[in-house]
Amino acid sequence: TLKIAKMIKKYIKKKFPNLKIKFTRKKDVYVPLEDRAKIANKKLASSRDTIFISLHCNSTPTPEKSPHGYEVYYLAQTSSIETTRETSIVSSHLIDIRRDPKVRQIQSGMLSSVVQRRSILLAKAIDSKLKESLESKIASRGVKKNNYQVLRGSLMPAVLIELGFISHPQDVKMLEEKSVQIKLAEGIAEGIKNYVMAKN
């Protein structure tokens, strides 16, 4: 995942040299899940036009029955998750906290809705471009929603990408190939580009 993240950065920097990219880690070390979202949220202070991409490799305890393919996730919303995000939006000063409490509630709800819609748009754009780039080397398992901690804690459009199953022999073989890593990086970068164009 770290190799692919660095490839994505290189690919994006070539096409968009002014874009700022912040890693949650630059070495092969473990960063706690809650810290990853905090690192991403700090970027919102300098730029509201921020997205969060979390890269993972999937696995199951039974390799002989292991599913295979990549998945792109956005946050599965519930009323409690939405309320928590709206509260975080206010406490992070993403809206004017001097306003009337009712106005703050409306604004935080509107911003939370925008973040959710854009997360779905980002997930679909990345999935579409990965399908093109990978040419079935790693199959798409589609765009899905889940209550993952890194997504739940993020206050900007965010997706989690499971690049493939390391418990599946074909997926792990593909994930180890540099040419496939490049295709994954290109697909994700092109998906980000399409998301920005569609958003604008």
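Right, let's talk about the pattern of salt bridges for a bit. Counting across every chain of the model gives eight salt bridges. Note that Arg141 and Glu71 form a salt bridge whose closest N and O atoms lie 2.8 Å from each other. Highlighted residues: Arg141 in strand β3 (residues 140-146) and Glu71 in strand β2 (residues 70-75), separated in sequence by 70 residues. Residue class for Arg141 comes out partly exposed when judged on its relative accessible area of 32%. Its relative accessible area of 2% is what places Glu71 among the buried residues. The residue Glu190 makes a salt bridge to Lys193 at a minimum N-O spacing of 3.3 Å. Remark: Lys193 and Glu190 occur in helix α7 (residues 178-199); sequence separation between them is three residues, near one turn of the helix. Judged by its relative accessible area of 14%, Glu190 is buried. The structure contains a network of salt bridges with shared partners spanning Lys15, Glu190 and Lys193.

Once that is clear, we can look at helix α3 (residues 79-91). Its 13 residues give α3 an end-to-end C-alpha distance of 18 Å, which sits within 8% of 18 Å, the value for a rise of 1.5 Å per residue. Here α3 has its buried residues at Ile81, Arg85, Glu86 and Ile89. One side of α3 carries all its buried residues, which in axial view fall inside an arc of 135°. Summarising the geometry of α3, the exposed residues directed more than 90 degrees from the buried face are Ser79 and Ser91. Considering only its buried residues, α3 is in contact with β2, α4 (101-134) and α5 (149-152). Of the residues trailing α3, His93 is marked for its positive phi of about 60°.

On to the environment of Met174, then. Position of Met174 relative to the elements: it lies in helix α6 (residues 169-176). The exposure class assigned to Met174 is buried, which follows from its relative accessible area of 9%. Each C-alpha atom of the pair Met174 and Ile138 lies 7.2 Å from the other, and the pair is 36 residues apart in sequence. Sequence-distant contacts of Met174, defined by excluding residues within four places in its chain, comprise Lys137, Ile138 and Val180.

Once that is clear, we can look at the nonpolar core. Counting 29 residues, the largest nonpolar core has Ile126, Leu130, Ile161, Leu184 and Ile188 as the members making the most contacts within it. Counting residues in each nonpolar core, the second largest holds 15 residues, with Tyr73, Ile95, Leu151 and Leu160 among its members.

Moving on, we come to the sheet that holds strand β4 (residues 158-165). Spatially, four strands are ordered β1-β4-β2-β3 in an open sheet, and the strand pairing comes out mixed. Each having just a single partner strand, β1 (52-58) and β3 make up the two edges of the open sheet. If you compare each strand with its neighbour and ignore which way they point, the axes differ by 20° on average. The strands touched by α6 within the sheet are β1 and β4, with β4 carrying the most contacts at an inclination of about 110°.

Relative to each other, α3 and α4 sit at 115°, their axes nearing to 9 Å. As summarised for this structure, α3 and α4 are arranged roughly perpendicular, according to the angle between their axes. Note that α3 runs across α4; the crossing there is right-handed. Only Arg104, Ser108, Gly109, Leu111, Ser112, Ser113, Val115 and Gln116 of α4 make contact with α3, whose side of the interface consists of Glu82, Arg85, Glu86, Ile89 and Val90. Of the residues assigned to the contact of α3 with α4, the class counts are four nonpolar, five polar and four charged.

Calculation criteria
- Residues numbered from 1 in each chain as written.
- Predicted model: local features only at pLDDT ≥ 70, side-chain atom pairs only at ≥ 80, totals over all residues.
- Heavy atoms only, no water.
- Salt bridge = Lys/Arg side-chain N within 4 Å of Asp/Glu carboxyl O.
- Helix = DSSP H or I, 4+ residues; strand = E, 2+ residues; numbered from the N terminus.
- Buried < 20%, exposed > 50% of the residue type's maximum accessible area, 1.4 Å probe, protein only.
- Expected span 1.5 Å × (residues − 1).
- Arc of directions from axis to C-beta.
- Contact = heavy atoms within 4.5 Å.
- Core = buried A, V, L, I, M, F, W, Y, C linked by side-chain atoms within 4.5 Å.
- Pairing = 2+ DSSP bridges.
- Axes fitted to C-alpha atoms, helices over the stretch in contact; angles between N-to-C directions.
- Parallel < 35°, antiparallel > 145°, perpendicular 65-115°, else oblique.
- Left-handed = near helix turned anticlockwise from the far one by under 90°.
- Nonpolar A, V, L, I, M, F, W, Y, C, P; charged D, E, K, R; others polar.

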